[in-house]
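Coordinates in review
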Amino acid sequence: MDRAETDRRIREQLEPFNKKGIAVADDTSFARDLEFDSLTVMDFVAAIEDEFDIIISMNQQAEIETYGQLVDAVHAMRKDDA
Amino acid sequence: MSEGVMQADQPPVIEAAPAGDLFAKFDGLIAMREGLLKAGQEDPFSLVMEQVLSPTRAICNGRETILLGTYNYMGMTFDPDVIAAGKQALADFGTGTTGSRVLNGTYQGHRECEDALREFYGMDHAMVFSTGYQANLGIISTIAGKGDYIILDIDSHASIWDGCALGNAEVVPFRHNDIDAMEKRLKRIPEGAGKLVILEGVYSMLGDIAPLKEMVAVAKKHGAMVLVDEAHSMGFIGENGRGVAEDAGVMDDVDFIIGTFSKSVGTVGGFCVSNHPKFEIMRLVCRPYVFTASLPPSVVATASASIRKLMAGAEKRAHLWKNSRRLHGGLKALGFELGTGEAQSAIVAVIMPDLEKGAAMWQALLHEGLYVNLARPPATPANMTLLRCSLCAEHSDEEVETILGMFERAGKTVGII
Ligand SMILES: Cc1ncc(COP(=O)(O)O)c(C=O)c1O
């Protein structure tokens, strides 16, 4: 799976959580731009985890601030699998 | 900022923090607090109990007040036998140990307290900490190390989260009480990694219990060790008062139980009990156990006396349950929205529409002569504002009816019911 495909699938999962329909780019911040609170983060992370069958621990989440960083992190985890 | 200048409905003006002031990060919270207080609200977080008359009565702001938010579930704080044990230890062993458990801070009384706990839980090992907070901090951060995984409920108590933060394990939360969500995460943990599942018997915010029978079975199926915090169940849930794990019949599959003396036991202190054959090594490697002074002799003496009385507390237990069910049913009938459909524990959480109404209701109850706990975001699940009521075995039937009358009047005054 290439990065673009990972991006597409994450974008699809993000859709229902992007309540204000913000345009999402690699530098979009989950906390600042999308205004995710801790409960939303948990539900969104669970959706991503289920989509890709991975675990994103809170330790890893702490390193992820933007959309692009999430795509990179998930993409790297998928590559590890392959 | 001068008193009386500001209107209640104006956002309070906080002076901008000077550059480099590390307190700048608290400005939002300071503003919220001042806003509430300026609106004529008494500060729910700095109430002083001027006199304490019994486990269920105190004088607050000069008013005699019924206490309905103390977690003093079994009313042991004024038990004459417990007080006598404390006085004796104070006289015989002095006011404090001035030392760590592993140096000069283990007295006869600490050993006896651990004996009482082992007997109470029917477990091989017991370790007494200075608080329950430290017990969670110490056990969690010590047993789950780098490369291990902690799988825990998102609504876990602050001391559990802080235990995770103090350690080096990977932390993976799952949706509150969601068995499937927990299992999915367990399945995805890399082969060979150590796993610790952390659950609570009773969740203190809403007073709901965990489906421990199912959850513990799932955890064991995936080879995880299980830690259950039973802070809010000791003494009155389960046949011997050992907690929700006992009630669910899974005591043998729980590796560690964490508890506190600050609720049913009626003093201060925390503990972990376990059947793990190597458990005693914890005393040497658990930093929040080693690097702090042990509990005073009088405290461990009152704890031992109280724990031993709790073993024979069937009648009190029954009355506590009666109180909880009556309060829950009565509040529901009055039209309040509650945290659980039926009484699952001795905590009844009343859900408030928002923080302002919640604070107003809290104050109206205080004026009626009733103290409850106000819980607000971010400590609460789903950012709810809650009035948390905890029943005591010493509340009389009449007191519970009085409490319901107070809730009815205050609820109507504030416009919640
Ligand atoms: C679930 C839970 N665990 C641990 C604690 C900490 O107990 P202690 O008051 O002994 O520090 C509490 C209470 O504050 C609690 O509610």
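Residues numbered from 1 in each chain as written. Chains lettered and ligands numbered in written order. Predicted model: local features only at pLDDT ≥ 70, side-chain atom pairs only at ≥ 80, totals over all residues. Heavy atoms only, no water.

1. Here's the deal with the overall build of chain B
- Summing up its helical and strand segments, chain B has 14 helices and 16 strands in all.
- For the C-alpha atoms alone, the extent of chain B along its principal axes is close to 65 × 50 × 45 Å.
- Classification of the 417 residues of chain B by burial places 54% in the buried group.
- Here the analysis covers contacts within chain B between residues at least 6 apart in sequence; of these, 68% occur between residues at least 24 apart.
- Carbon and sulfur atoms form 54% of the exposed surface of chain B, whose accessible area is close to 17,800 Å². (Helix = DSSP H or I, 4+ residues; strand = E, 2+ residues; numbered from the N terminus. Buried < 20%, exposed > 50% of the residue type's maximum accessible area, 1.4 Å probe, protein only. Contact = heavy atoms within 4.5 Å. Areas by Shrake-Rupley, 256 points an atom, 1.4 Å probe, with all protein chains shown as cover.)

2. Quick notes on the pairing of strand E16 (residues 385-390) of chain B
Residues and elements named next belong to chain B.
- For E16, a buried count of 6 out of 6 residues is recorded, marking the element as mostly surrounded by other parts of the structure.
- With 6 bridges connecting them, strand E13 (residues 347-352) and E16 associate as antiparallel partners. When the sheet's bridge partners are listed, Met352 is paired in E16 with Thr385. (Pairing = 2+ DSSP bridges.)

3. Digging into the domain arrangement of chain B
Residue and element names in this part refer to chain B.
- The domain boundaries assigned to chain B delineate domain 1 (37-74 + 313-414) and domain 2 (77-310).
- Taking only C-alpha atoms, the centre of domain 1 and the centre of domain 2 are 27 Å apart.
- Facing the 26 residues of domain 1 at the interface are 22 residues of domain 2.
- Together domain 1 and domain 2 conceal approximately 2,000 Å² of surface at their shared face, both sides included; 61% is due to carbon and sulfur atoms.
- Counting the contacts that link domain 1 with domain 2 gives 0 salt bridges.
- Only strand E1 (49-54), helix H12 (314-334), E13 and E16 provide two or more residues apiece to the side of domain 1 that touches domain 2.
- Of the residues in the side of domain 1 that touches domain 2, the class split is 16 nonpolar, 8 polar and 2 charged. (Domains from an automatic or database assignment. Buried area = accessible area lost by both parts, 1.4 Å probe. Salt bridge = Lys/Arg side-chain N within 4 Å of Asp/Glu carboxyl O. Nonpolar A, V, L, I, M, F, W, Y, C, P; charged D, E, K, R; others polar.)

4. As for unusual backbone geometry
- Even without a glycine there, the phi angle at Asp53 of chain A is positive, about 55°.
- Mapped onto the secondary structure, Asp53 of chain A falls in the loop between helix H2 (38-52) and helix H3 (58-61).
- Assessed through its relative accessible area of 51%, Asp53 of chain A is described here as exposed.
- Backbone geometry at Asn383 of chain B places phi at a positive 55°, although glycine is not the residue there.

5. Focus: the interface of chain A and chain B
- Contact with chain A, which involves 14 residues of that partner, is made by 16 residues of chain B.
- Interface area lost by chain A to chain B is led by Met42, Ile55 and Met58 of chain A, which between them contribute 42%.
- On inspection of chain A and its partner chain B, the count reaches 5 salt bridges.
- For the salt bridge of Lys184 of chain B with Asp50 of chain A, the shortest nitrogen-to-oxygen distance reads 2.8 Å.
- Taken together, the connections running from chain A to chain B amount to 9 residue pairs in polar contact (both at pLDDT 80 or more).
- If you tally residues by element for the side of chain A that touches chain B, the top one is H2 of chain A, at 6 residues.
- Taken together, the residues that form the side of chain A that touches chain B break down as 6 nonpolar, 3 polar and 5 charged. (Polar contact = N/O pair within 3.5 Å; in protein donor to acceptor, adjacent residues only side chain to side chain.)

6. Quick look at the environment of Asn168 of chain B
All names here are of chain B.
- In this fold, Asn168 is placed in the loop between helix H5 (158-166) and strand E6 (170-174).
- Judged by relative accessible area, Asn168 falls into the exposed class, the value being 53%.
- Spatially, the C-alpha atom of Asn168 lies 28 Å from that of Phe23, the residues being 145 residues apart in sequence.
- Those residues in contact with Asn168 that lie beyond four places of it in its chain are Ala144, Gly145, Lys146 and Gly147.

7. Some words on the packing of helix H3 (residues 108-121) of chain B against helix H11 (residues 297-310) of chain B
Residues and elements named next belong to chain B.
- Axis separation between H3 and H11 bottoms out at 8 Å; the angle between their running directions is 20°. What the angle tells us is that H3 and H11 run roughly parallel. Remark: the crossing between H3 and H11 carries left-handed chirality. Packed against H3, whose contacting residues are Gly109, His110, Glu112, Cys113, Asp115, Ala116, Leu117, Glu119 and Phe120, the element H11 presents Val300, Ala303, Ser304, Ile307, Arg308 and Leu310 at the interface.
- Tallied by class, residues from the contact of H3 with H11 come to 8 nonpolar, 3 polar and 4 charged. (Axes fitted to C-alpha atoms, helices over the stretch in contact; angles between N-to-C directions. Parallel < 35°, antiparallel > 145°, perpendicular 65-115°, else oblique. Left-handed = near helix turned anticlockwise from the far one by under 90°.)

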